[in-house]
Amino acid sequence: MQKEEIRFGDYLKEMTVNHVHISYNNLTQEAKSGAKIKLRVLDIYRLLAPYLSIRFTEQLRAVIPLSFYLVFFQLFFLRQTIQDSVTIALGLLAVMIGLMMFMEGIKLGLMPFGETLGNTLPKKVKLVTVLLIAFLLGVGVTFAEPAIGALKAAGSLVGPKEAPYLYALLNLYTEQLVGAIGAGVGLAAILGTLRFICGWSLKPLLYLTILPTLLVTLYFVNDPALTPVIGLAWDSGAVTTGPVTVPLVLALGIGIACAAGKGDSSLSGFGIVTLASILPILGVMLLALMVRLNVTPTEIIQLASTNATNTQPSLFEQSPMIEIILALRAIVPLVLFLFFIMLVILHERIKNAPILAYGLTLSVIGMAIFNIGLTYGLANLGNQSGSWVPLAFNNMTTADGVKLEALYPYPVGLMVALSFAFILGFGATLAEPALNALGLTVENLTNGVFHKKTLIYAVSLGVGIGLALGVVKIIFGLSLAWLLLPLYLLALILSYFSTEEFVNIGWDSAGVTTGPITVPLVLAMGLGFGNALGISDGFGILAMASICPILTVLIMGLYVQRQTQKG
């Protein structure tokens, strides 16, 4: 029976391929003969189905397992029904369709610019101009990053009285917040480009960027008004390393390195992701300091009450047309900047203009659909699940005033909550396609010494531990700074004893874990968790999920080094 099913499946696949070939051959013959081509609906379907199915399947694998896990956990372990299930299902579908269109549009419409600029810039302009363009590109790609929308949407879940400066950054200074994050990415692009050209080691750059960031974090700990901003700042570093920033800035840096004759190194491309996730943290904290010096908490609360009665709709209430306008605002300035560089500074012709236009259109529509799906699907489900997890170990009162008793004894319920976070982080990372690609790269660079599976499990284990520690931080009201400081100091010590290859691999592995699906889901879950426990600061889980995989990979790297030396 099984053999017959396999043969029948192969038969169907072969028939489908044959139909596509027949349709293509017929269209080709008609085109050669000069006849007017008439496409039937069936012909369009046969031509587009293989193209769309591969790209949609990638998003399906990322979204569906996580969604099923959250639904299963909420139904069977937390014993709560899924509210707005139809809306959530449609939102998840919009997330998959939107992200598929956005990724394809970015690949066709923006990536060619990065490669062309990287190969052409060093030949036609001076190094100072190259670095300035790299900085502006880093700022521009941050506005086009889809996960930034999740950061903005999180502002509606923060109260102005409980955390005034956190509320101000997320609601009153939103554009400045994204600009500060973008400035950090731009500075990372400059340092990364210089590192490619000059062949600098990553270790000194780590010390020069992380130590000042930790010192500013210590200052924030001593100011109760700024303490809630620490979680947002460290989480923003995870938001930046997404599907737009990393490929575009990386393509520019590697292209410049190749043009300068330094692109043949096996480490070309590593390190820029790390810098792009550290420097935005410093940018957000410096912005918070400026706001702190110019605005008082009382003024923020007054502005919040004014905006509550007279303001534009939040991301949870915006129409598709408004989402398209926001997507245009995010992507069009970046595109115009790239066109200006190509035409005015480099005097290069725009090749394949119709394909570029098609890609940019796809990216705008895809970003709008993704943001709508993010609000009503992914963020809604994550916030809902996070809100119910405390019921496992803690008594709760619903919005309707109904009092609910804890489902399990306190130790058991606590283990249920931590297991929920660990499995979510481990499983989501294990299914991350970018991690598999990084594993293959690392295995090739280390000549098979560091196996692909070893890296995948080390990173997944680190993310799972990080999410669990983030939940511990929220449950017990621990200061995020006192968790991050020793962990980052330990990472710097491990980096000192590690070789350059493993330092690059370890620190860049954190950027792989924070994709456009994981970031909004974890953000919504953490904020929902915090609100359920009456804690205004639900940020910080992403920060923990970033440092822990660095530690696990570095520890595994030292172990592999020792085993290799013994061998």
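It should be noted that the structure appears before, not after, this text.
Residues numbered from 1 in each chain as written. Predicted model: local features only at pLDDT ≥ 70, side-chain atom pairs only at ≥ 80, totals over all residues. Heavy atoms only, no water.

Peer 1: Would you take a moment to explain the overall build of the protein chain for this structure?
Peer 2: Assigned secondary structure in the protein chain consists of 22 helices and two strands. Within the protein chain, the proportion of its 567 residues that are buried is 52%. The long-range share in the protein chain, meaning contacts at least 24 apart out of those at least 6 apart in sequence, stands at 83%. Counting every atom, the protein chain has about 25600 Å² of accessible surface; 66% of that belongs to carbon and sulfur. (Helix = DSSP H or I, 4+ residues; strand = E, 2+ residues; numbered from the N terminus. Buried < 20%, exposed > 50% of the residue type's maximum accessible area, 1.4 Å probe, protein only. Contact = heavy atoms within 4.5 Å. Areas by Shrake-Rupley, 256 points an atom, 1.4 Å probe, with all protein chains shown as cover.)

Peer 1: Teacher, can you tell me more about the nonpolar core here?
Peer 2: In a soluble, globular protein the nonpolar side chains are often hidden away together inside. One finds L151, W234, W507, F539 and I547 to be the most contacted residues of the largest nonpolar core, which totals 125 residues. Residue contributions to this core peak at twelve residues, all from helix 22 (residues 541-566). With residues up to four places along the chain from it excluded, the contact list for W234 reads T213, L214, T217, I281, M285, L484, Y488 and A543. One finds L121, A134, V335 and L346 within the second-largest nonpolar core, a separate group that totals 40 residues. (Core = buried A, V, L, I, M, F, W, Y, C linked by side-chain atoms within 4.5 Å.)

Peer 1: Help me understand the pattern of salt bridges in this model?
Peer 2: Any two side chains of opposite charge can pair, on the condition that their charged atoms come close. Applying the stated criterion to the full structure yields four salt bridges. For R195, the salt bridge goes to E500, with nearest N and O atoms at 3.7 Å. With R195 in helix 8 (residues 174-198) and E500 in helix 20 (residues 500-512), this residue pair connects regions lying 305 residues apart in the sequence. With respect to class, R195 is no different from E500; both count as buried. A salt bridge links D223 to R292, with the nearest nitrogen and oxygen atoms 3.1 Å apart. (Salt bridge = Lys/Arg side-chain N within 4 Å of Asp/Glu carboxyl O.)

Peer 1: Looking at this structure, I do not really get empty space enclosed by the protein. What am I missing?
Peer 2: A probe as big as a water molecule, rolled over the atoms, marks out the empty space that is left. Following the criterion strictly, the structure yields five cavities of 30 Å³ or more and no others. Considering only enclosed or pocket space, the largest cavity measures out at about 140 Å³ in volume. Around the largest cavity, the lining comprises 16 residues; the ones closest to its centre are G237, S277, Y488, A510 and S546. With four residues, the single largest contributor to the lining of the largest cavity is helix 12 (residues 272-294). The residue makeup of the lining of the largest cavity, split by class, is nine nonpolar, seven polar and no charged. (1 Å grid on protein atoms, 1.4 Å probe; cavity = no way out; pocket = protein on both sides within 12 Å on 5 of 7 lines; lining within 4 Å. Points joined across faces, edges and corners; volume = space filled by probe spheres on them. Nonpolar A, V, L, I, M, F, W, Y, C, P; charged D, E, K, R; others polar.)

Peer 1: Sorry if this is basic, but what is going on with the packing of aromatic side chains here?
Peer 2: The way to describe two aromatic rings as a pair is by their centre distance and the angle between their planes. Summed over all chains, the structure comprises 13 aromatic pairs. An angle of 65° between the planes, with centres 6.1 Å apart, marks the rings of F72 and F77 as edge-to-face. Look at F72 and you get partly exposed, because its relative accessible area is 42%. Look at Y219 and F220: their rings are 6.4 Å apart centre to centre, the planes differ by 65°, and that puts the pair in the edge-to-face class. A relative accessible area of 0% places F220 in the buried class. (Phe/Tyr/Trp six-rings, centres within 6.5 Å; stacked < 30°, edge-to-face > 60°.)

Peer 1: What's the story with helix 8 in this structure? I'm lost.
Peer 2: Think of an α-helix as turning once every 3.6 residues; residues three or four places apart then point the same way. The end-to-end C-alpha separation of helix 8 is 36 Å, in line with the 36 Å expected for 25 residues at 1.5 Å each. Within helix 8, 19 of the 25 residues are buried, which leaves it mostly tucked inside the rest of the structure. Following helix 8 by one or two positions, G199 has its phi on the positive side, about 70°. (Expected span 1.5 Å × (residues − 1).)

Peer 1: Teacher, can you tell me more about unusual backbone geometry here?
Peer 2: Across residues other than glycine, the phi torsion is negative in most instances, and most of the peptide bonds are trans. A positive phi is found at R79, a non-glycine position, where the angle reads about 60°. Here R79 lies in the loop between helix 2 (41-77) and helix 3 (85-109). Judged by its relative accessible area of 51%, R79 is exposed.

Peer 1: For this particular structure, what's the right way to read the side chain of T174?
Peer 2: Considering the arrangement of structural elements, one finds T174 in helix 8. Residue classification places T174 among the buried positions, given a relative accessible area of 16%. From its side chain, T174 meets the backbone oxygen of L170 in a polar contact 3.2 Å long. (Polar contact = N/O pair within 3.5 Å; in protein donor to acceptor, adjacent residues only side chain to side chain.)

Peer 1: What's the story with the packing of helix 19 (residues 480-497) against helix 22 in this structure? I'm lost.
Peer 2: How two helices sit against one another is set out by the angle between their axes and by the gap between those axes. At a closest axis distance of 10 Å, the pairing of helix 19 and helix 22 adopts a crossing angle of 25°. It follows that helix 19 is roughly parallel to helix 22 by the angle criterion. For the pair helix 19 and helix 22, the sense of crossing is left-handed. The segment helix 19 lies against helix 22, with L480, L483, L484, L487, Y488, L490, A491, L494, S495 and F497 engaging A543, M544, I547, I550, L551, L554, I555, L558 and Q561. Residue composition of the contact of helix 19 with helix 22, by class: 17 nonpolar, two polar and no charged. (Axes fitted to C-alpha atoms, helices over the stretch in contact; angles between N-to-C directions. Parallel < 35°, antiparallel > 145°, perpendicular 65-115°, else oblique. Left-handed = near helix turned anticlockwise from the far one by under 90°.)

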